[in-house]
Amino acid sequence: MRLPFFSYLCIMAKKEKYYVVWQGREPGIYDNWHDCEKQVKGVAAQFKSFESREEAEAAFKQPYSSVVATASRTGQTSRTGVLFVDENGMTAIKPGTANPPVLDALAVDAACSGNPGVMEYQGVYVASRKQVFHYRAEKGTNNIGEFLALVHGLSYLKKHNLNQILYSDSVNAIGWVRQKQCKSKLPLTPDTAELWDFIHRAENWLRTNSYTTEIRKWDTDHWGEIPADFGRK
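Residues numbered from 1 in each chain as written. Predicted model: local features only at pLDDT ≥ 70, side-chain atom pairs only at ≥ 80, totals over all residues. Heavy atoms only, no water.

J.: What is the right way to read the overall build of the protein chain from this model?
T.: Across its full length, the protein chain holds eight helices and ten strands. Across the protein chain, contacts joining residues at least 24 apart in sequence account for 61% of those joining residues at least 6 apart. A total accessible area of about 13,200 Å² is found for the protein chain, and carbon and sulfur atoms account for 50% of it. (Helix = DSSP H or I, 4+ residues; strand = E, 2+ residues; numbered from the N terminus. Contact = heavy atoms within 4.5 Å. Areas by Shrake-Rupley, 256 points an atom, 1.4 Å probe, with all protein chains shown as cover.)

Shown next, in the form of structure tokens:
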């Protein structure tokens with residue numbers, strides 16, 4: 001029996017996809033979104049959809065970053081995403097977001113209570129949200145914290161011989177690092193003397209060290225808050 005054209009379209013619209021989960025609760029290949037979602041929702045995850053099982057099986061044998069890079073070069077579109085979870089619930093990078101962040105990376109961010117005020121910064125691994133360093137000063141600014149966090153991140157990665165991307169959401173701080181100078185107007189006073197000594201040591205590190213670390217701007221608009229965010233907005 002020949003199906004009506006509308007029914008044929010409905011059947012075509014329900015074409016199955018296959019989902020590869022490289023990182024999630026249980027990595028593997030899933031033949032429907034419902035099962036895939038269980039593995040990636042609420043945890044740091046890497047996943048992508050494919051039109052056939054053969055494509056999915058071939059992709060699963062490769063690193064996630066290589067598969068996504070190839071898809072981007074060839075103009076392929078599919079359900080692709082990275083998910084993060086924080087204390088307040090899940091922050092999701094929308095499926096289909098172009099060029100998702102690299103999970104095997106370090107992210108830094110700063111926070112300041114007042115301007116100037118109590119300042120702190122931290123560095124965390126993107127995938128696990130594990131804190132790897134933290135610093136606090138009784139008087140500083142957010143821009144100073146962002147600058148010092150980046151220098152600390154560069155120093156940390158070089159010291160441990162880690163070839164990872166370093167993310168920051170501060171264009172200003174990235175610019176200061178490239179100029180090897182903290183251009184803050186915070187006055188040098190007894191309250192800020194220790195912080196300024198730390199700043200000068202950071203500037204000296206930039207002038208006397210070379211590094212191969214790639215610093216990238218965190219795309220907050222598409223990816224949500226940077227994993228190192230203190231959650232005080």
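Having seen the model, we can carry on.
J.: I keep staring at the nonpolar core and nothing clicks. Help me out?
T.: The nonpolar side chains of a soluble globular protein tend to be buried, and buried together. Grouped together as the largest cluster of nonpolar side chains are 33 residues, with contacts concentrated most on Tyr-121, Phe-147, Leu-148 and Leu-195. Mapped onto this core, the elements with two or more residues apiece are β6 (105-114), β7 (117-125), β8 (131-140), α5 (142-159), α6 (171-179) and α7 (193-208). In terms of residues, this core owes the most to one element, α5, which gives nine residues. Every residue in contact with Leu-148, bar those within four places of it in the chain, is listed here: Met-119, Tyr-121, Leu-195, Phe-198, Ile-199 and Ala-202. Of all hydrophobic cores here, the second largest spans eleven residues; its members include Ala-105, Val-126, Ile-165 and Tyr-167. (Core = buried A, V, L, I, M, F, W, Y, C linked by side-chain atoms within 4.5 Å. Buried < 20%, exposed > 50% of the residue type's maximum accessible area, 1.4 Å probe, protein only.)

J.: Would you mind going over the pattern of salt bridges with me for this structure?
T.: A side chain with one charge can pair with a side chain of the opposite charge if their charged atoms come near. Taken as a whole, this structure holds five salt bridges when the rule is applied. A salt bridge links Arg-53 to Glu-57; the nearest nitrogen and oxygen atoms lie 3.9 Å apart. Taken together, the residues span about one helical turn, with Arg-53 and Glu-57 both in helix α3 (residues 53-60) at a distance of four residues. By relative accessible area, which is 33% here, Arg-53 ends up partly exposed. Assessed through its relative accessible area of 36%, Glu-57 is described here as partly exposed. Here Glu-214 ties to Arg-216 by a salt bridge, and the two come within 2.8 Å at their closest N and O atoms. In this structure Glu-214 comes out as partly exposed when scored by relative accessible area, which is 41%. (Salt bridge = Lys/Arg side-chain N within 4 Å of Asp/Glu carboxyl O.)

J.: Just checking my understanding: could you explain the packing of aromatic side chains for this structure?
T.: The way to describe two aromatic rings as a pair is by their centre distance and the angle between their planes. Scanning the model with the defined rule gives twelve aromatic pairs in all. Ring centres 5.6 Å apart and planes at 55° place the aromatic pair Tyr-19 and Trp-33 in the tilted group. A residue pair is termed long-range when its members are at least 10 positions apart, and Tyr-19 in strand β1 (residues 18-23) and Trp-33 in helix α2 (residues 33-40) qualify at 14 residues. The interplanar angle of 75° and the centroid separation of 6.2 Å between the aromatic rings of Tyr-121 and Phe-133 together place this pair among those described as edge-to-face. With Tyr-121 in strand β7 and Phe-133 in strand β8, this residue pair connects regions lying twelve residues apart in the sequence. Assigned by exposure class, Tyr-121 and Phe-133 land together as buried. Within the aromatic cluster, the residues linked to one another by ring pairs are Tyr-121, Phe-133, Tyr-135, Tyr-156 and Phe-198. Above the face of the Phe-50 ring, Lys-48 is positioned so that its terminal group lies 4.7 Å from the ring centre. (Phe/Tyr/Trp six-rings, centres within 6.5 Å; stacked < 30°, edge-to-face > 60°. Lys NZ or Arg CZ within 6 Å of the ring centre and 35° of its normal.)

J.: Could you clarify how one ought to interpret the confidence of the model for the protein chain in this entry?
T.: Fine structural detail should not be taken from predicted coordinates in areas where pLDDT scores are low. In the predicted model, the protein chain carries a mean pLDDT of 81, and the fraction of residues at 70 or more is 78%. When pLDDT is averaged over each element of the protein chain, α5 comes out on top at 97 and helix α1 (residues 5-13) at the bottom at 39. Scored below 50 in pLDDT, residues 1-14 makes one contact in the model with residues more than four places away or belonging to other chains. (pLDDT = per-residue confidence, 0-100.)

J.: How should unusual backbone geometry be read in this particular structure?
T.: If a residue is not glycine, its phi is most likely negative; likewise, a peptide bond is most likely trans. For the peptide bond that leads from Asn-115 to Pro-116, omega is 5°, which places it in the cis range. As for its position among the elements, Pro-116 is in the loop between β6 and β7. For Lys-180, which is not glycine, the phi torsion reads 60° and is therefore positive. Relative to the assigned elements, Lys-180 resides in the loop between α6 and α7. The exposure class assigned to Lys-180 is partly exposed, which follows from its relative accessible area of 32%.

J.: What exactly am I supposed to notice about the pairing of β7 here?
T.: Along any regular strand the residues' side chains alternate between the sheet's two faces. Burial of β7 is extensive: eight of the nine residues sit out of reach of the surface. Of the strand pairs in this sheet, β6 and β7 are connected by nine bridges, and their pairing is antiparallel. Note that in β7 the partner of Leu-106 across the bridge is Tyr-125. If you look at the hairpin formed by β6 and β7, you'll find two residues sitting between the two strands. Note: β7 against β8, seven bridges, orientation antiparallel. Within β8, the residue paired with Gly-123 across the bridge is Phe-133. A loop of five residues connects β7 with β8, the two strands running antiparallel in sequence, and Arg-129 in this loop sits at a positive phi of about 65°. (Pairing = 2+ DSSP bridges.)

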